[in-house]
Amino acid sequence: MKAVTSKDNVKGDDHHSRLLSYLQKQIPWTILEINQIRQNVFKVETNHTPFILKGFHSYHKFKLQETFTSSLIKEGFVHTYSFLPLAKDPPLFFDGIYFGCLFYILPSEQPFTYQNEKNRKEGLNLIDKFHHVSKKLKDRYVTLLPPHHQQDKWRIRTVQFKKNESILKYFIPKEIMAEYLAWADWSLSGMGETEHTKEANEVILHGDVAHHNFIRDDSNQLFLIDFDLISIGQKEYDYLQYANRILPTLDWEINEMEKFPQLKELTTSNQSLYALSYPTDVFREWNRCIRERTYIYPKKMRPLLSLTIDQFQKRKLFVEELKKRIDG
């Protein structure tokens, strides 16, 4: 059978053809098809079993993730992927990118989504288990991973959002724009004045708890994947990100958020209350939109405008509640 390279059924791509040829010389199985999932990530069908081919921009990043996922599994966190030792002459290196072969998790017909309450709870419980294990691994990886600096990251995000104002003004009303920036300034200022948690409570953070980094397999087990952004810091930072991801599905109701024990803890410290008010999702998505110029596509803009404008009043009430708790 002739192997096929495909990205949205485009078969004449020279890069894909050369990659297929290179892989066929390195992989012990016959490759039947390669489909690109996103940049430098491919699903590879073979005559034996499918696998995921994932690219890394440095050998260090490749080995770090290979070693880290192995450490997770050895310490008992088995709900993630493992790297497969398939290359005849490791490491795989093609067009300046190092590639790893990942165990393919056959997904459920029902994808993981934060719209589903069951998924929201299970996702949090899985992060709990991840933190329990990653805390044990922290000392082993402390010299290999960066410390987590949430405020620095958000300051950079805020500066970029302000730089994009010449385009943003055509989409976001002036008053709403000013409110978002005021929340950001208030949040960052307050976070800087409050105490930080002691190092003893640090774990290895996942750093990107978006819904697409959870996969439910065909036997209904939930897996956590993609450790590109791991760092060392307090576990609350993963929960803050998780809260920000699910709050739109909860209509920005703080009482609904507090039904999750891990997220209720966020409301017990001023540090986290200030952080919850930062509009990280709005800034992140608009910065990406302008960087990738997707604002020229109306269909892609609808969910972003809904997030920014349609949800604004509910979000404003949420921030006002946060301020009352801090003041009170």
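Along every chain, residues carry numbers that run from 1 in the direction the sequence is written. Side-chain atom pairs in this predicted model are given and counted only at pLDDT of 80 or more, local residue features only at pLDDT of at least 70, and totals for whole chains, interfaces and linings cover all residues. The basis for every side-chain value is the complete set of heavy atoms in the structure, and neither hydrogens nor water enter the calculation.

1. Re the overall build of the chain
Here a strand is any run of E in DSSP of at least two residues, a helix any run of H or I of at least four, and the numbering for each starts at the N terminus. A tally of helices and strands in the chain yields 13 helices and 10 strands. By its C-alpha atoms, the chain is 65 × 45 × 35 Å across when sized along the principal axes. Here the analysis covers contacts within the chain between residues at least 6 apart in sequence; of these, 71% occur between residues at least 24 apart. Surface accessibility in these figures is a Shrake-Rupley result with a 1.4 Å probe; residues are shielded only by whichever protein chains are displayed. For the chain, the accessible surface area stands at approximately 17200 Å², while carbon and sulfur atoms represent 51% of it. Within the chain, the 42 negative side-chain charges are centred at a point lying 3 Å from the centre of the 46 positive side-chain charges. Two residues form a contact once any of their heavy atoms are found within 4.5 Å. For this count, His and the chain ends are skipped, Lys and Arg are scored as positive, and Asp and Glu as negative. Every charge is mapped onto a representative atom, which is NZ of Lys, CZ of Arg, CG of Asp or CD of Glu.

2. Comments concerning unusual backbone geometry
Here the residue pair P90 and P91 is connected by a cis peptide bond, since its omega of 0° sits within 30 degrees of zero. Here P91 shows up in the loop between α2 (59–74) and β5 (92–94). A positive phi angle is found at D95, which is not glycine, with a value near 50°. Summarising the element assignment, D95 is placed in the loop between β5 and β6 (97–103).

3. Notes on the pattern of salt bridges
Salt bridge, as applied in this entry: a Lys or Arg side-chain nitrogen positioned within 4 Å of an Asp or Glu carboxyl oxygen. Applying the stated criterion across every chain yields a total of 21 salt bridges. Linking R38 and D226 is a salt bridge whose minimum nitrogen-to-oxygen distance equals 3.7 Å. One end of the pair, R38, is in strand β2 (residues 31–38); the other, D226, is in the loop between β9 (222–224) and β10 (231–234), and 188 residues separate them in sequence. With a 1.4 Å probe rolled over the protein chains alone, any residue whose accessible area is under 20% of its type maximum counts as buried; one over 50% counts as exposed, and the rest are partly exposed. For R38, a relative accessible area of 43% translates into the label partly exposed. Overall, D226 belongs to the buried group, its relative accessible area being 11%. A salt bridge links E179 to K316; the nearest nitrogen and oxygen atoms lie 4.0 Å apart. In this pair, E179 sits in helix α6 (residues 174–193) while K316 sits in helix α13 (residues 312–327), placing the two residues 137 residues apart along the sequence. Residue E179 is classed as partly exposed on the basis of its relative accessible area of 24%.

4. Here we look at the packing of aromatic side chains
What characterises a pair of aromatic rings is the spacing of the ring centres plus the angle enclosed by the ring planes. Under the pairing criterion, centres of Phe, Tyr and Trp rings, with the six-membered ring standing for Trp, must be within 6.5 Å; the plane angle then separates stacked pairs below 30 degrees from edge-to-face pairs above 60, leaving the rest tilted. Under the criterion given, the structure shown has 31 aromatic pairs. Arranged with centres 6.0 Å apart and planes meeting at 55°, the rings of Y59 and F62 form a pair that is tilted. Residue Y59 and its partner F62 are both found in helix α2; the two are separated by 3 residues, about one turn of the helix. On the basis of relative accessibility, which here comes to 7%, the residue F62 falls in the buried class.

5. Brief notes about the layout of surface pockets
Its boundaries defined by the atoms lining it, the second largest pocket holds a volume of some 480 Å³. Taken together, 23 residues form the lining of the second largest pocket, with I37, R38, H212, I215 and I225 sitting closest to its centre. Here the lining of the second largest pocket takes 3 residues from strand β8 (residues 214–216), the largest share from any one element. Residue composition of the lining of the second largest pocket, by class: 14 nonpolar, 5 polar and 4 charged. Detection works on a 1 Å grid of protein atoms alone, calling trapped sets that fit a 1.4 Å probe cavities and calling open sets with protein on both sides within 12 Å along at least five of seven lines pockets, with lining residues defined by an atom within 4 Å of a point. Grid points are joined across faces, edges and corners, and a volume is the space filled by probe spheres set on the points. We call Asp, Glu, Lys and Arg charged. Ala, Val, Leu, Ile, Met, Phe, Trp, Tyr, Cys and Pro are nonpolar, and the rest, Gly among them, are polar.

6. Quick notes on the packing of α6 against α13
Between α6 and α13, whose axes approach to 12 Å, the crossing angle comes to 30°. Taken together, the axes of α6 and α13 are roughly parallel relative to one another. Where α6 crosses over α13, the two elements pack in a sense that is left-handed. Judged by residue contacts, I176, E179, Y180, W183 and W186 of α6 engage F312, R315, K316, V319, K323 and I326 from α13. Its residues placed into classes, the contact of α6 with α13 shows 7 nonpolar, no polar and 4 charged. Angles run from 0 to 180 degrees between N-to-C directions of axes, and those axes are lines fitted to C-alpha atoms, restricted for helices to the stretch in contact. Angular relationships are summarised with four words: roughly parallel below 35 degrees, roughly antiparallel beyond 145, roughly perpendicular across 65 to 115, and oblique for the angles in between. The handedness criterion is simple: a crossing whose near helix is rotated anticlockwise from the far helix by less than a right angle is left-handed, and one whose near helix is rotated clockwise is right-handed.

7. What about the nonpolar core?
The criterion is simple. A nonpolar core is a set of buried Ala, Val, Leu, Ile, Met, Phe, Trp, Tyr and Cys residues joined through side-chain atoms within 4.5 Å. Membership of the largest hydrophobic core comes to 80 residues, with the highest contact counts inside it found for F68, F214, Y242, L263 and W286. If you look at the next biggest cluster of nonpolar residues, it comprises 18 residues, including I34, F42, A87 and F94.

8. Quick notes on the packing of helix α4 (residues 150–163) against α6
Where α4 meets α6, the axes come as close as 11 Å, and the angle between the chain directions of the two elements is 160°. By the angle between their directions, the pair α4 and α6 is classed as roughly antiparallel. Taken as a pair, α4 and α6 cross one another with a handedness that is left-handed. Along its contact with α4, which presents Q150, Q151, W154, R155, T158, F161 and K162, the element α6 presents M177, L181, A184, D185, S187, L188, M191 and G192.

9. A short note on the side chain of K54
Tracing the chain through its elements places K54 in strand β4 (residues 51–56). Here D226 takes part through its side chain, which lies 3.1 Å from a polar atom of the side chain of K54. Excluding anything up to four places from it in sequence, K54 contacts N40, V41, Q65, Y81, Y98, F99, G100, L102, D226 and D228. Here a polar contact is taken to be a pair of N or O atoms separated by no more than 3.5 Å, where protein atoms must pair a possible hydrogen donor with a possible acceptor and residues adjacent in sequence count only if both atoms sit in side chains.

10. Some details on the environment of D128
Within the fold, D128 resides in helix α3 (residues 117–141). D128 has contacts with Y239 and Q262, leaving out every residue within four places of it along the chain.

11. Examining the pairing of β4
Taken across its 6 residues, β4 has 6 buried, putting it largely inside the fold. By the alternation rule, side chains of β4 split into F51, L53 and G55 and I52, K54 and F56, which are all buried. Each pair of strands is called paired provided DSSP finds at least two bridges between the two strands. Strand direction decides the pairing type here: strand β3 (residues 41–46) and β4, joined by 4 bridges, are antiparallel. Across the sheet, F42 pairs through a bridge with L53, a residue of β4. Here β3 hands over to β4 after 4 residues, the two strands then running antiparallel side by side. Note: β4 against β6, 6 bridges, orientation antiparallel. The residue bridging F56 from the neighbouring strand is Y98, located in β6.

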